[in-house]
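# Structural overview for review
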Amino acid sequence: MTGSYRHVSSLAELSVIAASCTECALSEERKNVVFGSGSPDADVLIVGEGPGQQEDEQGLPFVGRSGQLLGKLLLEIDLSRDEVYIANVVKCRPPRNRDPRPDEIDACKPYLRRQIELVDPAVVVTLGNFSSKLLLRTTTGISRLRGLAYEWWGRYLVPTFHPAAALRGGDRVTDDIRADFRLVRMIIDGRISFETPQADVDDVVPTTTQDECTQMGLFGGPPQ
Ligand code: URA
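Below you will find a few notes about this structure. (Residues numbered from 1 in each chain as written. Predicted model: local features only at pLDDT ≥ 70, side-chain atom pairs only at ≥ 80, totals over all residues.)

## Here's the deal with the sheet that holds strand β2 (residues 44-48)
Heads up, the rule is: The pairing criterion for strands is at least two bridges between them, as found by DSSP. Think of it this way: any DSSP run of H or I at least four residues long counts as a helix, any run of E at least two long counts as a strand, and we number them from the N terminus. We call two residues in contact when the distance between their C-beta atoms, placed using the backbone, is within 7 Å. Axis lines are fitted through C-alpha atoms, for helices just across the contact stretch, and the angle between N-to-C directions can take any value from 0 to 180 degrees.
Across the sheet, 6 strands lie side by side as β1-β3-β2-β4-β6-β5; this open sheet has mixed pairing. Strands with a single pairing partner mark the edges of an open sheet, and in this sheet they are β1 (37-38) and β5 (150-152). Bridging between strand β4 (residues 123-127) and strand β6 (residues 155-160) involves 5 bridges; their strand directions are parallel. Its bridge partner lying in β6, V124 is registered against L157. Packed on one face of the sheet, helix α6 (residues 128-136) meets β2, β4, β5 and β6 and runs near 135° to β4. Packed onto the sheet, helix α9 (residues 171-188) meets β2, β4 and β6 and runs at close to 170° relative to β6.

## A word on the pairing of β6
Spelled out, the test is: Burial is judged by counting other C-beta atoms within 10 Å of a residue's own C-beta: 20 or more means buried, 12 or fewer means exposed, and anything between counts as partly exposed, with every C-beta placed from the backbone.
Burial analysis of β6 places 5 of its 6 residues in the buried class, which makes it a mostly covered element. Relative to β6, β5 is paired through 3 bridges, and the arrangement is antiparallel. Bridging across to β6, W152 finds its partner in R155. Hairpin connection of β5 to β6: 2 residues between the antiparallel strands, including W153 at a positive phi of 50°.

## Considerations on the packing of helix α1 (residues 11-19) against helix α5 (residues 102-119)
Filter applied, for reference: In what follows, roughly perpendicular refers to angles from 65 to 115 degrees, roughly parallel to angles under 35, roughly antiparallel to angles over 145, and oblique to any angle outside these ranges.
Taken N-terminus to C-terminus, the directions of α1 and α5 make an angle of 170°; their axes are 10 Å apart at the nearest point. Considered as vectors, α1 and α5 are oriented roughly antiparallel to each other. On the side of α1, the interface is formed by L11, L14 and A18, while α5 contributes Y111, R114, Q115 and L118.

## Things to note about the site of the ligand
Our working rule: Nearness rests on one distance test: the residue's C-beta atom, set from the backbone, must lie within 6 Å of the molecule or strand. Polar here means any residue outside two lists: the nonpolar Ala, Val, Leu, Ile, Met, Phe, Trp, Tyr, Cys and Pro, and the charged Asp, Glu, Lys and Arg; Gly therefore counts as polar.
Lining the immediate environment of the ligand, one finds 13 residues, of which G48, E49, E55, P61 and F62 sit closest. Tallied by class, the residues present in the shell around the ligand amount to 4 nonpolar, 7 polar and 2 charged.

As structure tokens, this is what we get:
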């Protein structure tokens, strides 16, 4: 794993470093590094898994079918793609869209960590198992994690299903993402705070309790 990139002071600078990254084997087959896109001052930072074919070709995250659904669901909570920041766990496409391997995720972690530090969002939204398990440091699957807002290093983390799962799984999965995104809307509107999660989120996520909003570590320790 590379260093922390703490010395890098902007997303633009970090993206230049990432553009020539050869820290793992994914660099061998990529067409483009898919660093991230959106507002550098976003309140909401979304973390997917890794680029697919179209993302690899265009160098931008979530531009394929999953991305279209993501954009639609964001608009339903009055957020455009340009207002949020979108990144992935791995910045280069795994061949034939296979799952990213632990060593590849490990090699790419410093980029995501620094992206989160630089954007400094109020809410991190993790899409699917890879980003949710990585950031929450858990082996618990997304079906059990979702539906809650976790207090996470002074911000909120809202895990939800990956839009690709909604494309496969249909309306129920899509509606679950909608419910989680409504939670995101409530957080950025200031209708939920760390002190009072219970009352406000009851109708959206009945299982949320203050005890469940646990402080969890970023990649195994406090941000460096
Ligand atoms: N799926 C992801 O996880 N990320 C992308 O950028 C595209 C599809």
